[in-house]
Structures are given as structure tokens and as C-alpha cells.
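Here is how the chains run, residue by residue.
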Amino acid sequence: MKAAVATDISARDALLTRRSVRGFLPTEVPRETIEALLALAARAPSGTNIQPWKVVVVTGAARRRISEALIAERARGIEHEGEYRYYPPVWREPYLGRRRELGKALYVLLGIPKDDIAGRERHFARNYEFYGAPVGLFFVLDRDMEVGSWLDLGMFMQNVMIAARAFGLDTCAQQVFAQYHRLINPLLGIGDDEILVCGMSLGHADPDDPANLLESRREPVAAFTRFLDGDASEG
């Protein structure tokens, strides 16, 4: 299988076309392509260049083992708890409104009514199938690293998603995998001195999947930015 060649997509276009894809084609991605985009992503900044990120890539049978184990665990109704809290324990505005807006838009596209709990569960379970993507990425840190390394990893992960666009690929970052770290870690060879932070699906977007019609709204710059020039007390 021939490796994809990076295109001349601009940084602007890569940023504008990056999205969370929730439906992928089964088209395989060559290892050489994965290695090339990870090499680009590794140009991410890190404090004093410590480069704390680690990546486990699963394809083929390894990917299937992860999916089958997670789906079986979910079917048994066994709840798992993550090692860190991703969302706030109590929701408030404006974050709650943004969350609800996205969820409503997605389920409308999927044709799943609000009261169709089973339908929502079926869609959510697609997380564990990597939404059909042929490649799964798992991002890991050494357990003794501090918050700064989590910032570094976040920038590296963003670079992975942007670099993927240069190869005509799409992604979906999925923190939900971290919830099942006790199940996943032994399958990936992640040791007790490491922490599974996040997963990600990688592949070619399925243009016919209605979930991929979702366009998440962004706040205008004025909503999250303050410009200070001179006297900070000035309006």
C-alpha cells in the first residue's frame, strides 16, 4: 500500500477543515503515512524541549481487540471511572448551553429523538469502534509528569489533528477511552508508571455519514478576548 504524500494545504485551511469526524471509511492508512504525520506533530512545543508525549498506534487485529473488549464491557453494564476529571462536577453557563447545543445538533442530524435512550446509547457505543476508522491512537504520559506536560501533550495532539489534514485524513479526539484505562492499559502494554490520557480515531471521513454534516459553532473573538493597551483601567 502506497503511503500518502503530504499536500500543500495552508495552515489556515488545515485549521478550518479540522473537525471531529464521527464516521470513517474502512480505507487503510499506510504505516508510513502515520509515521510522517506523527513526525510533523512532534514539532509541537514543550517545556525545555522535554517532549513528554508517548503514542500507541493500533490497527488491524490490535484495534479489533480493543473494540471487542470495550463493547463487551459496556454490554455487561460495568461502569469504569477515569483517573482524572475532564468535565466540571457542576455545569454552569455558558458551558452548559454550548454542550447542549452541540448534542442537540448532532442527534437531529442522526435522526435520534431526545427520548430514544437506546438510540443514543448505540451511537455513543460507536466511540469504542473508533467510529469505523482503521487507526486508533492512544496518548500516554509518564505518571510523575506535572500539569505542564499535559499542556505539552495537548499541543502535540492538536498538531496530530492538523498534520492529518495535510494527508487528506480526519480525526476525532476521544477522551472517553481514558475511562476504561484498567481494561485498555494491559492490552496496550501501558505500565503502572504511565497514564492513559486520551484516544483518537484517524482515517478517511465517510462523506455519507450524517454525523459528519455537523458544524460546531465557535464564539467570536470578542467573546473570549480582552485587549489591554496602556492603562489597564481603560475600557
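Scroll up for the structure.
In this text the structure is predicted, and so the values were computed from the model without any measurement.

Undergrad: What am I meant to see in the packing of helix α2 (residues 31–41) against helix α6 (residues 147–166) here?
TA: Helices that pack against each other are described as a pair by the angle of their axes relative to one another and the distance between those axes. Close contact between α2 and α6 brings their axes to 8 Å; oriented N to C, the two are set at 130 degrees. One way to sum up the angle between α2 and α6 is to call them oblique. By crossing handedness, the relation of α2 to α6 is classed as right-handed. Between α2, through Leu37, Leu38, Leu40 and Ala41, and α6, the contact on the second element is made entirely by Phe156, Asn159, Val160, Ala163 and Ala164. Considering only residue class, the contact of α2 with α6 consists of eight nonpolar, one polar and no charged.

Undergrad: Explanation requested: unusual backbone geometry in the structure shown.
TA: Excluding glycine, residues mostly carry a negative phi; peptide bonds, for their part, are mostly trans. Of note, the amide linkage connecting Glu93 to Pro94 takes the cis form, showing an omega dihedral of 10 degrees. Looking at the element boundaries, Pro94 is found in the loop between α3 (60–75) and α4 (95–110). With a phi close to 60 degrees, Asn49 is a non-glycine residue in the positive phi region. Assignment of secondary structure puts Asn49 in the loop between α2 and β1 (54–58). A positive phi angle, close to 55 degrees, is found at Phe130, a residue other than glycine.

Undergrad: When you look at the environment of Val57 in this model, what are you seeing that I'm missing?
TA: With respect to the secondary-structure elements, Val57 resides in strand β1. Residue classification places Val57 among the partly exposed residues on the basis of a relative accessible area of 36%. When the C-alpha atoms of Val57 and Val135 are compared, they prove to be 7.0 Å apart, with 78 residues separating the residues in sequence. If we skip the residues at most four places from it in the chain, Val57 touches Ile34, Leu38, Val135, Gly136 and Leu137.

Undergrad: So what exactly am I meant to see when it comes to the pairing of strand β2 (residues 135–142) here?
TA: Along a regular strand, successive side chains alternate from one face of the sheet to the other. Most of β2 is tucked away, with seven of its eight residues classed as buried. Judged from the eight bridges that link them, β2 and strand β4 (residues 194–203) form a sheet pairing that is antiparallel. Bridging from a neighbouring strand, Asp142 pairs with Glu194 of β4.

The rules we used
Residues numbered from 1 in each chain as written. Predicted model: local features only at pLDDT ≥ 70, side-chain atom pairs only at ≥ 80, totals over all residues. Heavy atoms only, no water. Axes fitted to C-alpha atoms, helices over the stretch in contact; angles between N-to-C directions. Helix = DSSP H or I, 4+ residues; strand = E, 2+ residues; numbered from the N terminus. Parallel < 35°, antiparallel > 145°, perpendicular 65-115°, else oblique. Left-handed = near helix turned anticlockwise from the far one by under 90°. Contact = heavy atoms within 4.5 Å. Nonpolar A, V, L, I, M, F, W, Y, C, P; charged D, E, K, R; others polar. Buried < 20%, exposed > 50% of the residue type's maximum accessible area, 1.4 Å probe, protein only. Pairing = 2+ DSSP bridges.

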